[in-house]
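Report on the structure
Each chain, written out:
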Amino acid sequence: MTDLLPADRLDALRARVHDLMPQVRADLEALTRIPSVSLDAFDQAHVEASAEATAALLRAEGLDVEIVREGGRPAVIGHRDGPPGSRTVTLYAHHDVQPPGDDALWDSPPFEPTERGGRLYGRGAADDKAGVMAHVAALRAHGEDLPVGVTVFVEGEEEIGSDSLPTILERHGEKLRADAIVLADSGNWDIGEPALTTTLRGMVRAVVTVRTLDHGVHSGMFGGAVPDALMVLVRLLASLHDDEGNVAVAGLKEGVASDLDYDEARLRRESGLLDGVEVVGSGSLLTRMWTKPSITTIGIDAPSIERSSNTLVPQARAKVSMRIAPDEFDLDAFELLKEHLLAQVPWGAQVEVELEERGAGFAADADGPVYDQARAAFADAWGTPPVDIGVGGSIPFVAAFAEQFPEAAILVTGVEDPDARAHGANESLHLGEFEKVCVAEAVLLARLGALPD
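What follows covers the sheet that holds strand S5 (residues 119-121). The sheet built from 3 strands is open, its strands ordered S4-S5-S18 with antiparallel pairing. Whereas interior strands pair on both sides, the edge strands pair on one side only; in this sheet they are strand S4 (114-116) and strand S18 (428-430). Within the sheet, the average angular offset between the axes of one strand and its neighbour, ignoring direction, is 25 degrees. Of the strand pairs in this sheet, S4 and S5 are connected by 3 bridges, and their pairing is antiparallel. The residue of S5 that forms the bridge with Arg116 is Arg119. Helix H12 (residues 431-450) rests against S4, S5 and S18 of the sheet, and its axis sits at about 65 degrees to S18.

With that settled, the discussion passes to the sheet that holds strand S9 (residues 202-211). Taking strand neighbours across the sheet as the criterion, the 4 strands line up as S11-S13-S9-S14 in an open arrangement whose pairing is antiparallel. Looking along the sheet, the strands with just one partner apiece sit at the ends: strand S11 (294-301) and strand S14 (350-359). Within the sheet, the average angular offset between the axes of one strand and its neighbour, ignoring direction, is 20 degrees. Two strands pair when backbone bridges link them, and S11 and strand S13 (residues 315-324) are joined in this way by 7 bridges, in the antiparallel orientation. Note on S13: the bridge partner recorded for Asp301 is Arg317.

So, about the packing of aromatic side chains. Scanning the model with the defined rule gives 9 aromatic pairs in all. Each ring, one from Phe401 and one from Phe405, has its centre 6.1 Å from the other, and the planes form 40 degrees; the classification is tilted. When sorted by exposure, Phe401 lands in the same class as Phe405, which is buried. Feature note: the residues Tyr92, Phe153, Phe397, Phe401 and Phe405 constitute an aromatic cluster, connected by ring pairs. A cation sits over an aromatic face here: Arg116 above Tyr121, 3.9 Å from the ring centre. Over the aromatic face of Trp189 sits the side chain of Arg266, whose NZ or CZ is 4.2 Å from the ring centroid.

Scoring rules and cut-offs
Residues numbered from 1 in each chain as written. Predicted model: local features only at pLDDT ≥ 70, side-chain atom pairs only at ≥ 80, totals over all residues. Heavy atoms only, no water. Pairing = 2+ DSSP bridges. Helix = DSSP H or I, 4+ residues; strand = E, 2+ residues; numbered from the N terminus. Axes fitted to C-alpha atoms, helices over the stretch in contact; angles between N-to-C directions. Contact = heavy atoms within 4.5 Å. Phe/Tyr/Trp six-rings, centres within 6.5 Å; stacked < 30°, edge-to-face > 60°. Buried < 20%, exposed > 50% of the residue type's maximum accessible area, 1.4 Å probe, protein only. Lys NZ or Arg CZ within 6 Å of the ring centre and 35° of its normal.

Spelled out as structure tokens, the structure:
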């Protein structure tokens, strides 16, 4: 089933993509210059401009295009028919980006794409405007001879939680229905080593509020008899992990990750773990990061050091982010977290645990002819077969697509590598790998077009 593409056709697609890359890169740089940050605090005119630019790119490839808004940021949907009776493939990416953060942490302006050492630096250069351009490159590679019907869906609010995606899927779902759905928002195992993402952890974010006093009082007068809110909050947060660093919330599911070669030295290099700081948890490193739960305190409301006084703090809050196993139901996980925290409350303190956000995980049934052709396409592009990987982060829209289109093969791909630094300063795209991504997608369309019924 994997020898559907003649060698001369494969060579022609490789050569075609190679010839297209200068213009593909120019268009990517133009998109990257648009600061399409979808958070409310930023100018949303840029997100509109990004949607219009994306729509123009798709129209130029002969797609019928519309910009849709369902209570949120603009999304772009384009479609072009394939030969009669051919399969349909939906290609997903998103055109919104994360805030740049502190400009001083960037080695070049975040919205001025800059090449250094074979990498293109800029906010969105990898996540996910390169995903948009990989789809465009695949369309260009086939020109007038598109082997399958193609729908391109480019979302405009993935970085803020895809709140309007359920409405888009409800109202426009028939336009997105396909035999295969390629979701280009993940990454590869390493430079020169392609991957298909087959598992994603789910996510729960909760706010823990502790109250012990109706007002602040003098710490010298009452300290030692009256508990303060921070004292309680610290004990609650410490209870979330055992002595090894494993999550201590009872009842959460755990899985086992793919058996890939990933050692502590690579973890330290990729994460920036400081010398002398130990790795936490038990089980293989990939299992800890891909299929076991993790809990991180990502924010605390408490007096700052600069503004602190000798006062017992009456109220304190913490935001807790929990990643859960790919097959864990997010609301069940929240209830287990809440039960754990409330059971640990010392000294009768008043504690509330409120759900702020949740997202389902994803575990693909990564078998069948579409997956076979995807793996073959990656091997054609890289010269080596892909590995199946998990991602410890959460991409809730993947589960939404899987639920909406249970008959479709869901392929989670992407352009990132371990040094892409998506969401961080100096985000970048490896240009050599990007060309391989574009070749792989063009070849995948050809292979799916040749796949017998």
